[in-house]
Amino acid sequence: MAGEPQADCLFCKIVKGEVPATVVRETETTVAFRDINPQAPVHVLVIPKVHYPDAGSLAAAEPSVAADVLREAAEVALQENGDKGFRIVFNTGAGAGQTVFHTHAHVLGGRGFNWPPG
């Protein structure tokens, strides 16, 4: 059922404390932890504690939790990167590089980024 933990989801297991992660922030609705394969000096994932496969489905079902994810992404960026700027990325679908199908925001910083991303 949408929003419910999934037994085979890596991020649901992190939320439950079954899989270790380097947590940098946690709220009632979100967990933020360091990416195990960082693509920038600052690379933190912010996830909702509820399970939805992507940002669009989370926003449609629980917009306040989607807002929490964005708010925490900004807080993580400030905590980890100061006021130097940051990028938030939501990959949606395998074709866009999503490998864990639990909504997550990549917070990236600590280096310059080109546009368009690629």
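Residues numbered from 1 in each chain as written. Predicted model: local features only at pLDDT ≥ 70, side-chain atom pairs only at ≥ 80, totals over all residues. Heavy atoms only, no water.

### Section: the layout of surface pockets
Each pocket or cavity is described by its volume, and for the largest pocket that value is around 390 Å³. Looking at the lining of the largest pocket, the elements with two or more residues in it are helix H1 (10–16), strand E2 (30–34) and strand E3 (42–48). For the lining of the largest pocket, the element with the highest residue contribution is H1, accounting for three residues. Residues belonging to the lining of the largest pocket are distributed by class as follows: 10 nonpolar, 10 polar and two charged. Of the pockets and cavities examined, the second largest pocket occupies roughly 310 Å³. Forming the boundary of the second largest pocket are 13 residues, of which Arg-87, Val-89, Asn-91, Leu-108 and Pro-117 lie nearest the centre. When contributions to the lining of the second largest pocket are tallied by element, the ones reaching two or more residues are strand E4 (87–89) and strand E5 (105–109). Here the lining of the second largest pocket is composed, by residue class, of five nonpolar, six polar and two charged. (1 Å grid on protein atoms, 1.4 Å probe; cavity = no way out; pocket = protein on both sides within 12 Å on 5 of 7 lines; lining within 4 Å. Points joined across faces, edges and corners; volume = space filled by probe spheres on them. Helix = DSSP H or I, 4+ residues; strand = E, 2+ residues; numbered from the N terminus. Nonpolar A, V, L, I, M, F, W, Y, C, P; charged D, E, K, R; others polar.)

### With respect to the nonpolar core
Core analysis: the largest hydrophobic core is formed by 14 residues, its most contacted members being Ala-32, Val-46, Leu-58, Val-76 and Val-107. Only E3, helix H3 (63–81) and E5 provide two or more residues apiece to this core. Grouped together as the second largest cluster of nonpolar side chains are nine residues, Cys-9, Phe-11, Phe-33 and Val-100 included. (Core = buried A, V, L, I, M, F, W, Y, C linked by side-chain atoms within 4.5 Å. Buried < 20%, exposed > 50% of the residue type's maximum accessible area, 1.4 Å probe, protein only.)

### Quick look at the UniProt feature "active site" (unreviewed entry) in the protein
UniProt annotation of "active site" (unreviewed entry) refers to His-104 when read in the numbering used here. Residue position: His-104 is located in the loop between E4 and E5. Separated by 2.7 Å, the side chain of His-104 and the backbone oxygen of His-102 make a polar contact. (UniProt positions renumbered as here; feature names shortened; annotations may be inferred. Polar contact = N/O pair within 3.5 Å; in protein donor to acceptor, adjacent residues only side chain to side chain.)

### Details of the pairing of strand E1 (residues 23–26)
In the sheet, E1 pairs with E2 via three bridges, with the strands oriented antiparallel. Bridging from a neighbouring strand, Val-23 pairs with Phe-33 of E2. What sits between E1 and E2 in their antiparallel hairpin is a turn of three residues. (Pairing = 2+ DSSP bridges.)

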